[in-house]
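# Structural features, examined
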Amino acid sequence: MRKGFKTTLYHIALWLVSLTFFAPVFWIILSAFKTKNQILAIPPKWFFTPTFANFLDLYTRPNVVTYIRNSLLISASAVLIALVASFLAAYAFSRFHLKSTDLIMFFLLSIRMVPAAASVIPIFLMYATLGWKDTFPGMILFYAMFSIPFSVWILKGFVDGVSERFDETALINGGSQLHVLFSVVLPQVRPGLVAAFIFNLIFVWNEYMFNYIIGGRKTTMVPVALVTWMLNQGGVDWTFMASLTVLFMIPPILAVYFFQKYLLIGMTFGTVRGEV
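Notes on the structure follow. (Residues numbered from 1 in each chain as written. Predicted model: local features only at pLDDT ≥ 70, side-chain atom pairs only at ≥ 80, totals over all residues. Heavy atoms only, no water.)

## What about the packing of helix H10 (residues 190-206) against helix H13 (residues 238-258)?
- At their nearest, the axes of H10 and H13 sit 10 Å apart, and the two run at 170° to each other. With respect to H13, the axis of H10 lies roughly antiparallel. Where H10 approaches H13, its residues Ile198, Ile202, Trp205 and Asn206 are matched on the opposing element by Phe248, Pro251, Pro252, Ala255 and Val256.
- Here the residues of the contact of H10 with H13 are counted per class, giving eight nonpolar, one polar and no charged. (Axes fitted to C-alpha atoms, helices over the stretch in contact; angles between N-to-C directions. Helix = DSSP H or I, 4+ residues; strand = E, 2+ residues; numbered from the N terminus. Parallel < 35°, antiparallel > 145°, perpendicular 65-115°, else oblique. Contact = heavy atoms within 4.5 Å. Nonpolar A, V, L, I, M, F, W, Y, C, P; charged D, E, K, R; others polar.)

Below, the structure written as structure tokens:
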């Protein structure tokens, strides 16, 4: 009886915490279907007639579709490139037992520990000198570089969980190293690939500062567009912000929903699996 009461209190606490964090998301979703006067109404209007005019207005504004397309193109391309490089690096770190592996892995992850504000100026100067500013290849390579360290850490844990006996058996039976890599090991670390893809996709999808500094009109993504267009006629255009934010949230929400089991595995870096 007492244990059941504690469990109930625990679940209630979890629901309260979840609802607290979801409240801003719920409010922005409601605002996307309100008029400007309804959004600014005091007290707030909880019951209203929904309108889709805000979403229709998005397509009348210049370049909104282009911003969404840029976000999809840059995010997906950068993360896919990072996954290919990270998988090869993770396999090398896992199979070739160098004494400096732990040190190299630490320095690799330390790239993500550097505050963005500390690296934005040298990166801007480098991109301006090389002529990569406001180019799709430049933006994709930059985000791929930032996605690689975390991906390597996730994938190495998964590759470590695949016994080297699989490699040895495939090589004895005449398989090449590429066959071992892509036909033996790769299918077994697929959950890690999906987890790394989702984690890094969310990071690139929401990134603002570097896209604003080293990007430009041709490579503008949705976060920069939100800030650029949020002011209209001397005030905040709440209907535009709410409707574009709702559209912007849909891809990562769908990705997390359909692949949530892989995210749970990825949070453990594959260590719960053990050797196969």
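Read on, since the account is not over.
## Some words on the nonpolar core
- Core analysis: the biggest nonpolar cluster contains 35 residues, and Phe87, Phe142, Tyr143 and Val189 have the highest contact counts within it.
- Counting only elements with at least two residues in this core, the list comes to helix H4 (64-95), helix H6 (116-130), helix H7 (136-160), helix H9 (177-185), H10 and helix H11 (209-214).
- Broken down by element, this core gets its largest block of residues, ten residues, from H7.
- Not counting chain neighbours up to four residues away, the residues in contact with tyrosine 143 comprise Ile74, Ala78, Phe203, Val204, Glu207, Phe210, Asn211 and Met221.
- Listed in part, the 16 residues of the second largest apolar core include Ala32, Leu58, Trp205 and Leu244. (Core = buried A, V, L, I, M, F, W, Y, C linked by side-chain atoms within 4.5 Å. Buried < 20%, exposed > 50% of the residue type's maximum accessible area, 1.4 Å probe, protein only.)

## Quick notes on a nonpolar patch on the surface
- On the surface, Ile250, Leu254, Tyr257, Phe258 and Phe259 cluster together into a nonpolar patch covering about 530 Å² of accessible area.
- Along the polypeptide, leucine 254 turns up in helix H13.
- Residue classification places leucine 254 among the partly exposed residues on the basis of a relative accessible area of 44%. (Patch = residues over 30% accessible without salt bridge, like charges linked within 9 Å, V, L, I, M, F, W, Y side chains within 5 Å. Areas by Shrake-Rupley, 256 points an atom, 1.4 Å probe, with all protein chains shown as cover. Salt bridge = Lys/Arg side-chain N within 4 Å of Asp/Glu carboxyl O.)

## A short note on unusual backbone geometry
- The omega angle of the peptide bond from isoleucine 42 to proline 43 is 0°, so this bond is cis rather than trans.
- With respect to the helices and strands, proline 43 occurs in the loop between helix H2 (36-39) and helix H3 (53-58).
- The phi dihedral of asparagine 63 is positive, around 75°, even though this residue is not glycine.
- Backbone geometry at aspartate 134 places phi at a positive 60°, although glycine is not the residue there.
- Structurally, aspartate 134 can be placed in the loop between H6 and H7.
- Residue aspartate 134 is classed as buried on the basis of its relative accessible area, which comes to 15%.

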